[in-house]
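A look at the structure
Chain residues, written in single-letter form:
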Amino acid sequence: MMGCLPADLQNYTFVDFGSGKSRTVLLASRYGFDKIIGVEFAKELVDCARTNIGRFKGEWQKCRDLEIVEADAAEFVAPETPLVIFFYNPFTREVFDTVLHNIVASLTMKKRACTIIYGSSSHDSIDWAAPAILASGHFETIAAEPMPMFLDSVRTIRFAAFRSL
Ligand SMILES: C[S@@+](CC[C@H](N)C(=O)[O-])C[C@H]1O[C@@H](n2cnc3c(N)ncnc32)[C@H](O)[C@@H]1O
């Protein structure tokens with residue numbers, strides 16, 4: 001997945017829509033993003049994530065500006081920076097369509113680089129999410145090899161990557 005991203009991430013904000021207990025937020029901090037935001041609507045997960053982030057100390061961390069926003073993803077307004085947006089089995093098609101609409105509106109208002117990584121394992125949401133991203137007319141596919149290993153110890157995850165036009 002990381003191979004799909006721009007080489008220089010220093011002005012980029014990483015946004016994990018549906019960030020759970022912060023696993024991906026913490027893993028992303030290994031890379032040189034300017035800022036990392038997790039968006040999560042379940043209060044108990046938000047509390048857990050904030051505790052995890054507060055306790056976490058990795059020598060290898062390159063980004064230490066980590067924030068968990070307690071919000072419905074459909075209400076979240078992306079920062080006006082270059083973006084890397086991550087989805088991992090997060091929500092229904094209805095919510096995803098609203099989130100995608102908001103992303104496209106934000107990119108239309110302020111044109112900037114945006115990479116979307118969409119991963120799925122527990123269901124085949126990628127089969128409707130990937131076409132929806134392309135149908136927005138604002139993204140093209142980034143060619144990527146299938147993931148060769150397990151990410152969630154259950155199944156190989158399928159992912160697709162897209163860059164803004
Ligand atoms: C499969 S977990 C992914 C967790 C994390 N991103 C990861 O990669 O490990 C999906 C998360 O999305 C959250 N979620 C679902 N619908 C949401 C919504 N409408 N707004 C914000 N978070 C949502 C769930 O509470 C859950 O924590």
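Predicted model, so just to flag it, every value in this text is computed and none were measured.

1. Let's talk about the overall build of the protein
Tallying secondary structure elements over the protein gives 4 helices and 7 strands in all. Whereas a compact globule of 165 residues would reach a radius of gyration of roughly 15 Å, the protein reaches 15 Å, a difference of no more than 12%. Judged by the C-alpha coordinates and their principal axes, the protein covers about 40 × 35 × 30 Å. With 165 residues in all, the protein has 35% of them scored as buried. When contacts within the protein are restricted to residue pairs at least 6 apart in sequence, long-range pairs at least 24 apart make up 70% of them.

2. Topic: the site of the ligand
Near the ligand, the surroundings consist of 19 residues, among which Gly-18, Gly-20, Phe-41, Ala-73 and Tyr-88 are the closest. Listed by contribution, the elements that provide at least two residues to the shell around the ligand are α1 (23–28) and β2 (35–40).

3. Quick notes on helix α4 (residues 126–135)
Those residues of α4 not exposed but buried are Ala-129, Ala-130 and Ile-133. Projected down its long axis, α4 carries its buried residues within an arc of 95 degrees, all on one side. Away from its buried face, by an angle of more than 90 degrees, α4 presents the exposed residues Asp-127, Trp-128, Pro-131 and Ala-135. Contacts from the buried residues of α4 go to α3 (93–109), β5 (114–120), β6 (139–142) and β7 (158–164). Just downstream of α4 lies Gly-137, where phi reads positive at about 80 degrees.

4. Some remarks on the nonpolar core
Val-15, Ile-85, Ile-116 and Tyr-118 are the most contacted members of the largest nonpolar core, which totals 41 residues. Broken down by element, this core gets its largest block of residues, 6 residues, from strand β4 (residues 83–88). Apart from the residues lying within four places of it in its own chain, the contact partners of Tyr-118 are Phe-87, Ile-126, Ala-129, Ala-130, Ile-133, Phe-159 and Ala-160.

5. Side note on the pairing of β7
As defined by bridge partners, β5 adjoins β7 across 6 bridges and the pair is classed as antiparallel. Bridged to Ser-120 within β7 is Arg-158. Note that β6 and β7 share 4 bridges and pair antiparallel. Residue Thr-141 lies in a different strand from β7, and its bridge partner there is Phe-162.

6. A closer look at α3
Given 3.6 residues per helical turn, the α-helix brings residues three or four places apart onto the same face. Compared with an ideal rise of 1.5 Å per residue, which puts 17 residues at 24 Å, α3 spans 24 Å between its outermost C-alpha atoms and is within 8% of the ideal. By the burial criterion, the buried members of α3 are Phe-96, Val-99, Leu-100, Ile-103 and Leu-107. Looking down the long axis of α3, one finds its buried residues gathered within 100 degrees of arc, a one-sided arrangement. Residues of α3 that are exposed and point over 90 degrees away from its buried face: Glu-94, Ala-105, Thr-108 and Met-109. Turning to α3, the residues buried within the fold contact β1 (13–17), β4, β5, α4 and β7.

About the cut-offs
- Residues numbered from 1 in each chain as written.
- Predicted model: local features only at pLDDT ≥ 70, side-chain atom pairs only at ≥ 80, totals over all residues.
- Helix = DSSP H or I, 4+ residues; strand = E, 2+ residues; numbered from the N terminus.
- Rg over C-alpha atoms; globule rule 2.2 N^0.38 Å.
- Buried ≥ 20, exposed ≤ 12 C-beta atoms within 10 Å, placed from the backbone.
- Contact = placed C-beta atoms within 7 Å.
- Near = placed C-beta within 6 Å.
- Arc of directions from axis to C-beta.
- Core = buried A, V, L, I, M, F, W, Y, C linked by C-beta atoms within 7 Å.
- Pairing = 2+ DSSP bridges.
- Expected span 1.5 Å × (residues − 1).

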